[in-house]
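Notes for the structure review
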Amino acid sequence: AQSVTQLDSHVSVSEGTPVLLRCNYSSSYSPSLFWYVQHPNKGLQLLLKYTSAATLVKGINGFEAEFKKSETSFHLTKPSAHMSDAAEYFCVVSEYGNNRLAFGKGNQVVVIP
Amino acid sequence: GAVVSQHPSRVICKSGTSVKIECRSLDFQATTMFWYRQFPKQSLMLMATSNEGSKATYEQGVEKDKFLINHASLTLSTLTVTSAHPEDSSFYICSARGSGLLDETQYFGPGTRLLVL
């Protein structure tokens, strides 16, 4: 069964500085990996996904993530944080043929002006 | 593309009444939809998997007679919370899986906030 680890439940960044959210996964088979963002009282919005194509994935709002199989990681980055980036971020893994998604516990990002 | 809507966005009801939540895939067909529950400051908990034209598959610990799921078409799944009680108050989120055979992506609705008084 697949699983996801997101450390640092709360992350504070200053506006204009880089954002790094770490995600490590465990999967028996070739996984698909996703990052979703959730703003308060909203659903989850897909930021980006890796599905066995290019290992460096670019998403919306300037975010990108790199799939590193040797490190079982899929860290999310953004060069310069914006106030609108304040939200909860979930790293999610899925295995082909398995309906079930495995969610990380989430990173609550606070952007300091 | 890949937009999922939910209705209503929030609902307040009295204890003992039933509440229906709709989940629609607006621009794609979804043979599989999912219902999640999210408690404050926690991740999503899968309640059930809904397959068009067949019975839903419920996760362990989720009462199927309390949370009725119907997936009558390729674009609509409904969750009915029967005889709701205050402990059912929560944020309910649905998702629909992409239509491609190899696409594991789930697209999420905006959620429904249920408050049972």
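Structural data are supplied above this passage.
The paragraphs below set out a description of the structure included in this document. (Residues numbered from 1 in each chain as written. Chains lettered and ligands numbered in written order. Predicted model: local features only at pLDDT ≥ 70, side-chain atom pairs only at ≥ 80, totals over all residues. Heavy atoms only, no water.)

Another point: the overall build of chain A. The number of helices and strands found in chain A is 0 helices and 12 strands. Reading chain A from its N terminus to its C terminus gives the helix and strand order β-β-β-β-β-β-β-β-β-β-β-β. For 113 residues, the compact-globule estimate of 2.2 N^0.38 gives 13 Å, and the C-alpha radius of gyration of chain A, at 13 Å, lies within 12% of that figure. In terms of overall dimensions, chain A has C-alpha extents of about 45 × 30 × 20 Å along its principal axes. Here chain A, with 113 residues, has 43% of them falling under the buried criterion. Across chain A, every contact between residues at least 6 apart in sequence was considered, and the portion connecting residues at least 24 apart equals 57%. Put simply, chain A shows about 5700 Å² of open surface, and 52% of that area lies on carbon and sulfur atoms. Between the averaged position of the 9 positive side-chain charges in chain A and that of its 8 negative side-chain charges there is a distance of 6 Å. (Helix = DSSP H or I, 4+ residues; strand = E, 2+ residues; numbered from the N terminus. Rg over C-alpha atoms; globule rule 2.2 N^0.38 Å. Buried < 20%, exposed > 50% of the residue type's maximum accessible area, 1.4 Å probe, protein only. Contact = heavy atoms within 4.5 Å. Areas by Shrake-Rupley, 256 points an atom, 1.4 Å probe, with all protein chains shown as cover. Lys, Arg positive; Asp, Glu negative; His and termini not counted. Charge placed at Lys NZ, Arg CZ, Asp CG, Glu CD.)

Residue and element names in this part refer to chain B. Spatially, E1-E3-E8-E7 is the arrangement adopted by the 4 strands of the open sheet, whose pairing is antiparallel. Either end of the sheet is taken by a strand with one partner, and the two such strands are strand E1 (4-7) and strand E7 (67-73). Pairs of neighbouring strands in the sheet enclose a mean axial angle of 15°, with direction left out of account. The pairing of strand E3 (residues 19-25) with strand E8 (residues 76-81) spans 6 bridges and is antiparallel. Across the sheet, residue Lys 20 finds its bridge partner in E8, namely Thr 80. (Pairing = 2+ DSSP bridges. Axes fitted to C-alpha atoms, helices over the stretch in contact; angles between N-to-C directions.)

Glancing now at the pattern of salt bridges. All names here are of chain B. In this structure the tally under the stated criterion is 5 salt bridges over all chains. The salt bridge partner of Glu 22 is Arg 24, with a shortest N-O separation of 3.4 Å. Taking the relative accessible area as the measure of exposure, Glu 22 reaches 24% and is therefore partly exposed. Of the charged contacts, one joins Lys 66 and Asp 88 as a salt bridge, the two residues approaching to 2.9 Å between their closest N and O atoms. Taken together, the residues Lys 66 in the loop between strand E6 (57-58) and E7 and Asp 88 in the loop between E8 and strand E9 (90-97) connect sequence positions 22 residues apart. Each of the two residues, Lys 66 as well as Asp 88, counts as buried. (Salt bridge = Lys/Arg side-chain N within 4 Å of Asp/Glu carboxyl O.)

On to the nonpolar core, then. One broad rule of soluble globular proteins: the nonpolar side chains tend to lie buried together. Residues and elements named next belong to chain A. Ranked by size, the top nonpolar core spans 27 residues in total, and within it Leu 21, Trp 35, Leu 47, Leu 48, Phe 74, Leu 76 and Tyr 89 carry the most contacts. At the level of secondary structure, the elements contributing two or more residues to this core comprise strand E2 (10-14), strand E3 (19-21), strand E5 (31-38), strand E6 (44-50), strand E8 (64-68), strand E9 (73-78), strand E10 (87-95) and strand E12 (107-112). Here this core takes 4 residues from E10, the largest share from any one element. When near neighbours in sequence (up to four residues on either side) are disregarded, Leu 47 contacts Trp 35, Tyr 36, Val 37, Gly 59, Ile 60, Phe 63, Leu 76 and Tyr 89. (Core = buried A, V, L, I, M, F, W, Y, C linked by side-chain atoms within 4.5 Å.)

Residue and element names in this part refer to chain A. Alternating residues of E8 divide into Ala 65 and Phe 67, all buried, and Glu 64, Glu 66 and Lys 68, none buried. As defined by bridge partners, strand E7 (residues 56-58) adjoins E8 across 3 bridges and the pair is classed as antiparallel. Bridge pairing in E8 links Val 57 to Ala 65. Adjacent in sequence and paired antiparallel, E7 and E8 are bridged by 5 residues, among which Asn 61 carries a positive phi angle near 60°. Alignment of E8 against E9, held across 5 bridges, turns out to be antiparallel. The partner of Ala 65 across the bridge, within E9, is Leu 76.

On their own, these measurements won't tell you what the molecule is for.
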